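Notes for the structure review
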Amino acid sequence: MDTIPLFVSTEWLAERMGDPSLRIIDATAFLKIPEDSGEVGAWSGRDEYNGGHIPGAVFADLMNELSDQEAEMPFTVPPREQFLAQISRLGVGDGTYAVIYDQGNALVGSPVAAAYWASRLAWQLRYEGYDNIAVLDGGLTKWKEEGRPISTEPGHYPAAVFTGERRDELIATKEDVKKAMNDESIVLINSLSPEDFRGETETYPRKGHIPGSKNVFFGVHANEKTKELFSDKVLRETFEKTGALDPGKKVITYCGGGIAATWNALILNKLGQKNVAVYDGSMNEWASDSECPLVTGSE
């Protein structure tokens, strides 16, 4: 089976709805950062899935079934056995290809457009060795706006066999990031808002960003109204100033909990930068360790 594009349009998906090899996955989850405190709230999108989804789609529970419930930090990559058991049950494996979407509300109450829950699942699948993945450009929002069909019937696919091998190069640890701070061949990308980057918020245990990292806010890559990605030209201009598109560099993206970082990683992959790892612990882990340095300000 040929590898499919990293992003596909609603039209592309609609034309393939009858393909028995197609797996449509709703990866919706929600994140809310209250204005009056730094406490982050997150919850599964299963209820929203039950209320209406693309016909045939199955629901992938990133909050519970596809994260490590025993880990100290939320959203942590689960043990491989756990992930494969769940994803195989959803029908994803050898001989299939998956189109992943979410319902578009990356941040509750915010106009930010980013399918970062879909990109999180896409990254996890690639990490475990599965390549035939696409993220639906514009997500469910665009699908609905075009008047395409919605179903409340639960999707179901036959259980699959998953034989891909884990790619350790796609994930970065705290120790990897410590080494990267002093390595000119590695570009660290902070995917949070400029305010978080500069240390003007109380979202994490300590303020600021990892020394040497560059700020590319995950919310600048798509149109807030249509939810569609901007052109490659615009996307490239956003990243070029950081050096992240240099083919001789390795890139490590991070954010708060390893979710938005996968969106930046996917955009970089789309632009041709293949050597990208995601720091899964991100600021949740880094800012909780007083021995890990943080700096404030715009540099």
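Residues numbered from 1 in each chain as written. Predicted model: local features only at pLDDT ≥ 70, side-chain atom pairs only at ≥ 80, totals over all residues. Heavy atoms only, no water.

1. Examining the pattern of salt bridges
Where charged atoms of side chains with opposite charge meet at close range, the side chains can pair. This is how it is decided: Note on definitions: salt bridges are taken to be side-chain nitrogens of Lys or Arg within 4 Å of carboxyl oxygens of Asp or Glu. Secondary structure elements follow DSSP: runs of H or I of four or more residues count as helices, runs of E of two or more count as strands, with numbering from the N terminus. Buried residues are those whose accessible area, probed at 1.4 Å on protein chains only, stays under 20% of the maximum for their type, while exposed residues exceed 50% and partly exposed ones sit between those limits.
With the rule as written, the count across this model stands at 18 salt bridges. The partner of Arg46 in a salt bridge is Asp61, and the shortest N-O contact between them spans 3.6 Å. Here Arg46, found in helix 2 (residues 46-51), pairs with Asp61, found in the loop between strand 5 (58-59) and helix 3 (80-89); they are 15 residues apart in sequence, far enough to count as distant. Judged by relative accessible area, which is 5%, Asp61 ranks as buried. Here Arg80 makes a salt bridge to Glu128, at a shortest N to O gap of 2.7 Å. Taken as a pair, Arg80 in helix 3 and Glu128 in the loop between helix 4 (116-127) and strand 7 (133-136) lie far apart in primary sequence, 48 residues in all. Through salt bridges with shared partners, one network takes in Arg46, Asp61, Glu65 and Arg89.

2. Concerning unusual backbone geometry
Despite not being glycine, Phe75 has its phi angle at roughly 70°, a positive value. With respect to the helices and strands, Phe75 occurs in the loop between strand 5 and helix 3.

3. Let's talk about the packing of aromatic side chains
Rule in force here: Note on ring pairs: Phe, Tyr and Trp rings are taken, using the six-membered ring of Trp, and paired if centres are within 6.5 Å. Classes follow the plane angle, with under 30 degrees stacked, over 60 edge-to-face and the rest tilted. Two conditions define a charge located above a ring, namely a distance within 6 Å from the ring centre to NZ of Lys or CZ of Arg, and an angle within 35 degrees of the ring normal.
All chains considered together, the criterion is met by 11 aromatic pairs. Their ring planes at 70° and their centres at 4.9 Å tell us that Phe217 and Phe218 sit as a pair that is edge-to-face. Look at Phe217 and you get buried, because its relative accessible area is 18%. Among the aromatic residues, those joined into a cluster by ring pairs are Phe75, Tyr116, Trp117, Phe217 and Phe218. When the ring centre of Trp12 is taken as reference, the NZ or CZ atom of Arg16 above it lies at 3.8 Å. The ring centre of Trp143 lies 5.5 Å from the NZ or CZ of Arg148, which sits over that ring.

4. Section: the pairing of strand 6 (residues 97-101)
Worth spelling out the cut-off: Any two strands with at least two DSSP bridges between them are considered paired.
Summarising burial for strand 6: 5 of the 5 residues are buried, a large majority. Residues Tyr97, Val99 and Tyr101 point to one face of strand 6 and Ala98 and Ile100 to the other, with burial holding for every one of them. With 5 bridges connecting them, strand 2 (residues 22-26) and strand 6 associate as parallel partners. Across the sheet, the residue bridging to Arg23 is Ala98, located in strand 6.

5. Notes on the domain arrangement of the protein
Stated precisely, the cut-off is as follows: Throughout the structure description, domain borders are defined by an automatic or database domain assignment. Whether two residues are in contact is decided by their heavy atoms: any pair within 4.5 Å suffices. Once two parts are brought into contact, the accessible area they lose, counted with a 1.4 Å probe and summed over both, makes up the buried area.
Under the domain assignment used here, the protein contains domain 1 (7-146) and domain 2 (168-288). One C-alpha centre belongs to domain 1, the other to domain 2, and the line joining them spans 20 Å. The partner domain 2 presents 31 residues to the 29 residues of domain 1 that form the contact. Between domain 1 and domain 2, roughly 2700 Å² of surface is buried when both sides are summed, and carbon and sulfur atoms account for 69% of that area. On the surface where domain 1 and domain 2 come into contact, there are 2 salt bridges. Here Arg120 and Asp280 are joined by a salt bridge, their closest N and O atoms 2.8 Å apart.

6. Some remarks on the pairing of strand 11 (residues 250-254)
For strand 11, a buried count of 4 out of 5 residues is recorded, marking the element as mostly surrounded by other parts of the structure. Two strands pair when backbone bridges link them, and strand 9 (residues 186-190) and strand 11 are joined in this way by 5 bridges, in the parallel orientation. Bridged to Ile189 within strand 11 is Thr253. Here 3 bridges tie strand 11 to strand 12 (residues 276-279), and the two strands are oriented parallel to one another. Directly across from Thr253, in strand 12, lies its bridge partner Val278.

7. Some points on the sheet that holds strand 2
For clarity, the cut-off: All axes here are fitted lines through C-alpha atoms, helices being fitted over the stretch that makes contact, and every angle between N-to-C directions spans 0 to 180 degrees.
As summarised here, the arrangement of the 5 strands in space is 1-7-6-2-5, forming an open sheet in which the pairing is parallel. What marks the edges here is a single partner per strand, and that holds for strand 1 (7-8) and strand 5. Across 2 bridges, the pairing between strand 2 and strand 5 is parallel. Paired with Ile25 across the bridge in strand 5 is Val58. Sitting on the sheet, helix 4 is in contact with strand 2, strand 6 and strand 7, with an inclination near 175° to strand 7.

8. Examining helix 8 (residues 232-240)
Working note: α-helix, 3.6 residues per turn, so residues spaced by three or four point in the same direction. In plain terms, the rule: The arc in question is the one traced by the directions running from the helix axis out to the C-beta atoms.
All buried positions along helix 8 are accounted for by Leu235, Thr238 and Phe239. Looking straight down helix 8, one finds its buried side chains confined to an arc of 90°; they lie on one side. Looking at the buried side of helix 8, the elements it contacts are helix 9 (260-270).

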